[in-house]
Amino acid sequence: MLTHALIGDEGRTIDLGWQDGSRSRFHAMWLRDNALDDQTRSAGNGQRLITILDIPANTRIGAASIKGGALEVSFVPEQKTVSFPAAWLSANAYDRDAGRQPGWTGEATVRWTKASMQNSVPRAGYVAASRDRAVLGQWLSAVKTYGFAVMDDLPTESGALCKVSDLFGYIRETNYGRWFEVRAEVNPNNLAYTNLGLQAHTDNPYRDPVPTLQILSCIENTVEGGESSVVDGFAVAAALQAENPEGFRLLSSCPARFEYAGSSGVRLQAKRPMIELGPDGELICIRFNNRSLAPMVDVQFSDMEAYYAAYRRFAELIEDPSFEVTFKLEAGQAFIVDNTRVMHARKAFSGTGKRWLQGCYADKDGLLSTLAAIEHGFKEAAEMSGQDLNADTIVEFIADIFERRGAESYLGEPVTMSEHMLQGAWFAEKDGAPDELVAAALLHDIGHYTSEFGTYSPEDVEDKHHDEAGGEVLAPFFPPVIVECVRLHVAAKRYLCATDPTYFGRLSQASVHTLSLQGGPMSADEVAEFRKNPFHEEAVRVRIWDESGKIANMKTRAFRDYVPLLQRVVTQFAVGKPA
Ligand code: OGA
Ligand code: NM2
Ligand code: ZN
């Protein structure tokens, strides 16, 4: 809640007061640049439409007032009036003390040691993570918070590690390939490919930019030894800083050199510190790899002794068992590390048995983006018009939307929205479909009503497609098979058009028209990708009922008749879900 707004500094700043007595000042120029109106930002994608040069250099606040939980500001000389929601101002306030020590990290980072982590290693099953966005969200969130996580239940086949990166983003291909085999070889081009133990390290510090994630998966591990361990480089760096601030300063301010020239045609080199701080002192990256450290030539002669002492102490701390979390990867398990933070090691292993791992690199921006999108979806669902939505209230909430808005027309078809969805459910029932698929057919177009599921916010810049939007709002309450059928109902049409020669002929005129907007029939690659979805067959069935549900004046059940069925699937899902 805003309590006051005082223009200061001849309109160059404004001083806002909050209910709790705190204040935040903003600059006129900053507010103008960040205006939320659709002349300044595209309503569709949220991108800024103007440049700094479109804003007069002498921009001032001419008038300001608080109106209904928002700040209204008029800028001169533009004579432009815009409104900033209080929640937006509070979330974006920048008027606070700098006061952070070098080596700080944000709240999202939690440092760990063996004592805090060995018995609570973050993990998820692959099948659960691929079907349930909540499980995936928790797993990704652990990677963000702790810098590593284990994944269980992968297929024990070559390439399975790509399934892990597919969950959140993209593989970073390098000279080692899209992925690489990690097993003992006769003429290894890297000590990785021997049975030697490997000191805890980050991978590829000789690359710039460094790969920010590494996935290591296990197909077979029947050797003696060969355990994996991980060490929180941020925890070790903090320990070093506490006992030897000058050493920390040297490792973070002098560039080290890294290189790799182990195979022909490759001479990778990078000049970066072992402990990297951002421009504001934030701890952003650890690079530590004895195998590829090159001669250090950027440390002053007078600093070199102290630099080496600090490097040695850093290494001692890294080797200290109290920082190390150990596990032995079994066939079908993988782990992911934030390669800018968490170091990984392996113990030496014997010649008997077989150890076959595969590794790949990927990047954290994609992982964090996927996590943020999942969290945003859940938040939106939770905030639904201020209602407390849960397994007991969601069905009534949806019934209410149907009743209020079902009569809206279904564009280009001779039926209303609710007739269309009820017909789909009816055809599903007639085919003897299980409850889940009847529910999916009934709810498949719920994405046209997602504005009901959250308060409109000017930060909402996505122009979501109704299929994805529908899947997103249902995900917290309905089982994955329903969520996926809803999410894929447009894709299923494109799939059927590509794979069933008779299907196109069955499309209504309006559906033919939208098909081209939706990308036309799928390509062969898209078809292969679609078939990878564990629910693709169900999604196709739902699509066929969807297509049938466009009959004028057909008699169906009422939405109310489906409430018990919907409640059954919601309750079953809620009961089956871990707390
Ligand atoms: C590596 C590596 C781990 C392992 O190759 O860089 O860390 O368990 N390997 O073999
Ligand atoms: N491999 C496994 O960074 C490194 O050189 C560690 C990387 C060869 C891709 C090994
Ligand atoms: Zn490695």
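Here the structure is shown first, and the text comes after it.
Notes on the structure follow.

**Structural notes on the overall build of the protein**
Regarding its fold elements, the protein presents 21 helices and 21 strands. Along the first, second and third principal axes, the C-alpha atoms of the protein reach 85 × 75 × 45 Å. Contacts spanning at least 24 positions in sequence make up 73% of the contacts within the protein whose residues lie at least 6 apart. Here the protein displays about 27,300 Å² of accessible surface, and carbon together with sulfur accounts for 51% of that area. Here the protein contributes 57 positive and 78 negative side-chain charges, whose respective centroids are spaced 3 Å apart.

**What to know about the site of ligand 2**
In the vicinity of ligand 2, the contacting residues are Tyr 176, Phe 180, Asn 190, Ala 192, Tyr 193, Asp 203, Asn 204, Tyr 206, Asn 289, Arg 291 and Tyr 361. Separating an oxygen atom of ligand 2 from a backbone N or O atom of Asn 204 is a distance of 2.6 Å. In the model, an oxygen atom of ligand 2 is placed 2.6 Å from a nitrogen or oxygen of the Tyr 206 side chain. Across the complex, the protein chains shield 96% of the 310 Å² of accessible surface that ligand 2 would expose by itself. Looking at the shell around ligand 2 residue by residue, the class counts come to six nonpolar, three polar and two charged.

**Some details on the environment of Ser 302**
Its place among the elements puts Ser 302 in helix 9 (residues 301-319). Taking relative accessible area as the criterion, Ser 302 reaches 63% and is therefore assigned exposed. In sequence terms Ser 302 and Leu 240 are 62 residues apart; their C-alpha atoms lie 21 Å from each other.

**Section: the pairing of strand 2 (residues 13-18)**
Strand 2 sits mainly inside the fold: six of its six residues count as buried. Where burial is concerned, the two faces of strand 2 agree: the one with Thr 13, Asp 15 and Gly 17 and the one with Ile 14, Leu 16 and Trp 18 are both buried. Where strand 1 (residues 2-8) lies against strand 2, six bridges are found, and the strand directions are antiparallel. The partner of Ala 5 across the bridge, within strand 2, is Leu 16. Here strand 1 folds back onto strand 2 in antiparallel fashion, the turn holding four residues, of which Asp 9 has a positive phi close to 55°. For strand 2 and strand 3 (residues 23-27), the ladder comprises five bridges, and the chain directions are antiparallel. Residue pairing in the sheet places Asp 15 in a bridge with Arg 25 of strand 3. Between strand 2 and strand 3, which pair antiparallel one after the other, the connecting turn spans four residues, and Gly 21 there sits at a positive phi close to 90°.

**A few points about the packing of aromatic side chains**
For the structure shown, the criterion picks out 16 aromatic pairs. Taking 5.1 Å as the distance between ring centres and 45° as the angle between the ring planes, the aromatic pair formed by Trp 112 and Phe 148 counts as tilted. In this pair, Trp 112 is assigned in the loop between helix 2 (86-91) and helix 3 (114-117) and Phe 148 in strand 8 (residues 148-152), connecting sequence segments 36 residues apart. You can call Phe 148 buried: its relative accessible area is 0%. Where Phe 288 meets Phe 314, the ring centres are 5.5 Å apart and the plane angle is 85°; that geometry is what we call edge-to-face.

**Some points on the nonpolar core**
If you look at the biggest cluster of nonpolar residues, it comprises 59 residues, and the most contacted ones within it are Ile 394, Ile 398, Leu 474, Phe 478, Ile 482, Phe 530 and Leu 566. Among the nonpolar cores identified, the runner-up in size contains 54 residues, and Ala 200, Ile 275, Leu 317 and Phe 323 belong to it.

**Things to note about the pairing of strand 20 (residues 342-346)**
Taken residue by residue, a regular strand's side chains alternate between the two faces of the sheet. Among the five residues in strand 20, five count as buried, and that is most of the element. Burial along strand 20 is two-sided: the residues Val 342, His 344 and Arg 346 and Met 343 and Ala 345 are all buried. With two bridges connecting them, strand 11 (residues 198-201) and strand 20 associate as antiparallel partners. From the neighbouring strand, His 201 faces strand 20, where its bridge partner is His 344. The pairing of strand 13 (residues 228-232) with strand 20 spans five bridges and is classified as antiparallel. Its bridge partner lying in strand 20, Ser 228 is registered against Arg 346.

**So, empty space enclosed by the protein**
Over the atoms, a rolling probe the size of a water molecule traces out where space has been left empty. Summed over the entire model, instances satisfying the criterion amount to one cavity of 30 Å³ or more. Taken together, Arg 131, Asp 132, Arg 133, Ala 475, Phe 478, Pro 479, Pro 480, Val 483, Glu 484 and Phe 573 make up the lining of the largest cavity. In terms of residue count, the dominant contributor to the lining of the largest cavity is helix 15 (residues 480-487) (three residues). Taken together, the residues that form the lining of the largest cavity break down as six nonpolar, no polar and four charged.

**Details of the coordination of the zinc ion (ligand 3)**
Every protein donor of the zinc ion (ligand 3) is listed here as His 201 (NE2), Asp 203 (OD) and His 344 (NE2), and their distances to the metal cover 2.1 Å. Donor residues binding the zinc ion (ligand 3) come from one chain and are separated in sequence as H-x1-D-x140-H. Here the residue His 201 occupies a position in strand 11, and His 344 occupies one in strand 20, the gap between them amounting to 143 residues. Per residue, the accessibility class of His 201 equals that of His 344, and both read buried.

Thresholds applied
- Residues numbered from 1 in each chain as written.
- Chains lettered and ligands numbered in written order.
- Predicted model: local features only at pLDDT ≥ 70, side-chain atom pairs only at ≥ 80, totals over all residues.
- Heavy atoms only, no water.
- Helix = DSSP H or I, 4+ residues; strand = E, 2+ residues; numbered from the N terminus.
- Contact = heavy atoms within 4.5 Å.
- Areas by Shrake-Rupley, 256 points an atom, 1.4 Å probe, with all protein chains shown as cover.
- Lys, Arg positive; Asp, Glu negative; His and termini not counted.
- Charge placed at Lys NZ, Arg CZ, Asp CG, Glu CD.
- Near = heavy atom within 4 Å.
- Polar contact = N/O pair within 3.5 Å; in protein donor to acceptor, adjacent residues only side chain to side chain.
- Nonpolar A, V, L, I, M, F, W, Y, C, P; charged D, E, K, R; others polar.
- Buried < 20%, exposed > 50% of the residue type's maximum accessible area, 1.4 Å probe, protein only.
- Pairing = 2+ DSSP bridges.
- Phe/Tyr/Trp six-rings, centres within 6.5 Å; stacked < 30°, edge-to-face > 60°.
- Core = buried A, V, L, I, M, F, W, Y, C linked by side-chain atoms within 4.5 Å.
- 1 Å grid on protein atoms, 1.4 Å probe; cavity = no way out; pocket = protein on both sides within 12 Å on 5 of 7 lines; lining within 4 Å.
- Points joined across faces, edges and corners; volume = space filled by probe spheres on them.
- Donors = N, O, S within 2.8 Å, 3.2 Å for Na, K, Ca; no water.

Any functional reading would require information beyond the geometric quantities listed.
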